[in-house]
Amino acid sequence: MIEINNLHKKFGKNQVLKGVDLTIEEGLIYAVLGPNGSGKTTLIKSILGMVIPNKGQISVLGEPIKKGWKYRKKIDYLPQIANFPPNIKVKELIHMIKDLRNSPAAEEELITVFGLEPFLNKKLSTLSGGTKQKVNIVLTFMFDSPLIILDEPTTGLDPKALIRLKELIQKERARGKTILITSHIMQFVEEMANEIVYLLEGEVYFKGSIAQLLGQTEQTDFEHAIAAITTHNHA
Ligand SMILES: Nc1ncnc2c1ncn2[C@@H]1O[C@H](COP(=O)(O)OP(=O)(O)OP(=O)(O)O)[C@@H](O)[C@H]1O
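Think of each chain on its own: its residues are numbered from 1, step by step along the sequence as written. Where local features are concerned, this predicted model is filtered to residues with pLDDT of at least 70; where side-chain atom pairs are given and counted, the filter is 80 or more; whole-chain, interface and lining totals use all residues.

Under an unreviewed UniProt entry, the protein chain has the name ABC transporter ATP-binding protein and belongs to Flagellimonas hadalis.

1. Regarding the overall build of the protein chain
To be explicit about the condition: Note on conventions: DSSP H or I runs of at least 4 residues are helices, E runs of at least 2 residues are strands, and numbering of each starts at the N terminus. It is the C-beta atoms, placed from the backbone, that decide contacts: two residues are in contact if theirs lie within 7 Å.
Within the protein chain one finds 8 helices and 10 strands. Taking the intrachain contacts of the protein chain between residues at least 6 apart in sequence as the baseline, contacts between residues at least 24 apart amount to 68%.

2. Structural notes on the UniProt feature "domain: ABC transporter" (unreviewed entry) in the protein chain
Worth spelling out the cut-off: UniProt positions are given in the numbering used here, feature names are shortened, and annotations may be inferred rather than shown by experiment.
Sequence positions flagged by UniProt for "domain: ABC transporter" (unreviewed entry) are, in local numbering, residues 2–226. Secondary structure across residues 2–226 divides into 34% helix and 27% strand, with the first and last C-alpha atoms of the span separated by 24 Å.

3. Digging into the site of the ligand
Test applied: Nearness here is judged by the C-beta atom: place it from the backbone, and if it falls within 6 Å of a molecule or strand, the residue counts as near that partner.
For the ligand, the full set of nearby residues is Phe11, Asn14, Val16, Gly34, Asn36, Gly37, Ser38, Gly39, Lys40, Thr41 and Thr42. For the shell around the ligand, the elements supplying multiple residues, two or more each, are β2 (14–24) and α1 (40–48). It is α1 that contributes the most residues to the shell around the ligand, 3 residues altogether.

4. As for the pairing of strand β8 (residues 178–182)
Convention followed: Buried means a residue has 20 or more other C-beta atoms within 10 Å of its own C-beta, exposed means 12 or fewer, and partly exposed covers the counts in between; C-beta atoms are placed from the backbone. Any two strands between which DSSP finds at least two bridges are classified as paired.
Of all 5 residues in β8, 5 are buried; the element is thus mostly enclosed. Of the two faces of β8, the one carrying Thr178, Leu180 and Thr182 and the one carrying Ile179 and Ile181 are both buried. Sheet topology note: the strand β3 (residues 29–33)/β8 ladder contains 4 bridges and is parallel. Bridge pairing in β8 places Tyr30 opposite Leu180.

5. Observations regarding the packing of helix α2 (residues 90–101) against helix α4 (residues 129–141)
Helix-helix packing is described using two parameters, namely the angle between the two axes and the distance between the axes. The condition that has to hold: To get an axis, fit a line to the C-alpha atoms, keeping to the stretch in contact for a helix; angles then go from 0 to 180 degrees between the N-to-C directions. In what follows, roughly perpendicular refers to angles from 65 to 115 degrees, roughly parallel to angles under 35, roughly antiparallel to angles over 145, and oblique to any angle outside these ranges. By definition, turning the near helix anticlockwise from the far helix through less than a right angle yields a left-handed crossing, and turning it clockwise yields a right-handed one. Just so you know the grouping, Ala, Val, Leu, Ile, Met, Phe, Trp, Tyr, Cys and Pro go in nonpolar, Asp, Glu, Lys and Arg go in charged, and all remaining residues, Gly too, go in polar.
Put simply, α2 and α4 touch, their axes get as near as 10 Å, and they point 25° apart. As summarised for this structure, α2 and α4 are arranged roughly parallel, according to the angle between their axes. Along this stretch, α2 crosses α4, giving a crossing that reads as right-handed. Facing α2, whose interface residues are Val90, Leu93, Ile94 and Ile97, α4 presents Val135, Val138 and Leu139. Residues that form the contact of α2 with α4 fall into these classes: 7 nonpolar, no polar and no charged.

6. Here's the deal with unusual backbone geometry
Note on backbone geometry: most residues besides glycine have negative phi, and most peptide bonds are trans. A positive phi is found at Asn6, a non-glycine position, where the angle reads about 50°. Within the chain, Leu61 stands out as a residue other than glycine whose phi angle is a positive 50°. Tracing the backbone shows Leu61 in the loop between β4 (55–60) and β5 (63–64). Given 15 C-beta atoms within a 10 Å radius, Leu61 is considered partly exposed.

7. A few points about α2
For an α-helix, the turn length of 3.6 residues means that residues three or four places apart are oriented alike. Our working rule: Here a helix's expected span is defined as the number of its residues, less one, multiplied by 1.5 Å.
Counted at 1.5 Å a residue, the expected span for α2 with its 12 residues is 16 Å, and the 17 Å between its end C-alpha atoms agrees. Where α2 is buried, its residues contact α4. Within two residues after α2, Asn102 carries a phi angle of roughly 55°, on the positive side.

8. Description of the sheet that holds strand β1 (residues 2–11)
Spatial ordering of the open sheet is given by β2-β1-β4-β5, a layout of 4 strands whose pairing is antiparallel. Of all the strands in the sheet, the pair left with one neighbour each is β2 and β5. Across 8 bridges, β1 lies against β2 in antiparallel orientation. What sits directly across from Lys9, in β2, is Leu17.

9. Examining the sheet that holds strand β7 (residues 147–151)
Taking strand neighbours across the sheet as the criterion, the 6 strands line up as β6-β7-β8-β3-β9-β10 in an open arrangement whose pairing is mixed. Either end of the sheet is taken by a strand with one partner, and the two such strands are β6 (75–78) and β10 (203–208). Between one strand axis and the next, the sheet turns through 15° on average, direction left out of account. Pairing geometry for β7 and β8, over 5 bridges, is parallel. Across the sheet, Ile148 pairs through a bridge with Ile179, a residue of β8. On the sheet, α1 packs against β3, β6, β7, β8 and β9 (195–200) and is oriented at approximately 150° with respect to β7.

Here it is in structure tokens:
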């Protein structure tokens, strides 16, 4: 699904990615983890073509992404911070994104699932952080792309919305989608991820299942295994 070879990215003197090699298989849920500033968002944005690498190759669905932007239509992306015009109403935003994508969209069920009907005629600037995030989730999941990338999707969600989000992710996975998630919420990662990708010092420091991570770090719970990851050898 995604093939990344020897990816380098620096911002000024800050060398963020120093040779990332990563294969993302179709139909699994991957969690991209790592300390603050380790380059998770930079890696995701490189896959999306929003960050241009200094070196290395990325292919999505067999096509090098340098060849053009059309592959972007195969990706649904939830950004960490979505900056939409504050004066626009929720339903206007949904229509605007549908027009821009020009792909079939199924937003109605998602609006119901996240209880957004009362907010459809409200301006974005009047919404709470969690409600804005629910709107962003609808905007991401209303399309039907084979690859879904979620940057900190749980931000601001109440427990009910979090359950709905988890159900949604599992449903999409069951339909054969590939899903890439970054999150600092280890319980969420533990519940959702089939594969862990841990970035450290610009490289993939660990890649494998949660069971492999527990074995390798000799820990019994996931949170401690993540905390202990750097004191053990490379995968
Ligand atoms: N556009 C940019 N210009 C300059 N520096 C940048 C830019 N984007 C990211 N960086 C820097 O690159 C490093 C990695 O940032 P990135 O957002 O990828 O990390 P992250 O692992 O997603 O962090 P977090 O866990 O805090 O979200 C940071 O030091 C950040 O300051």
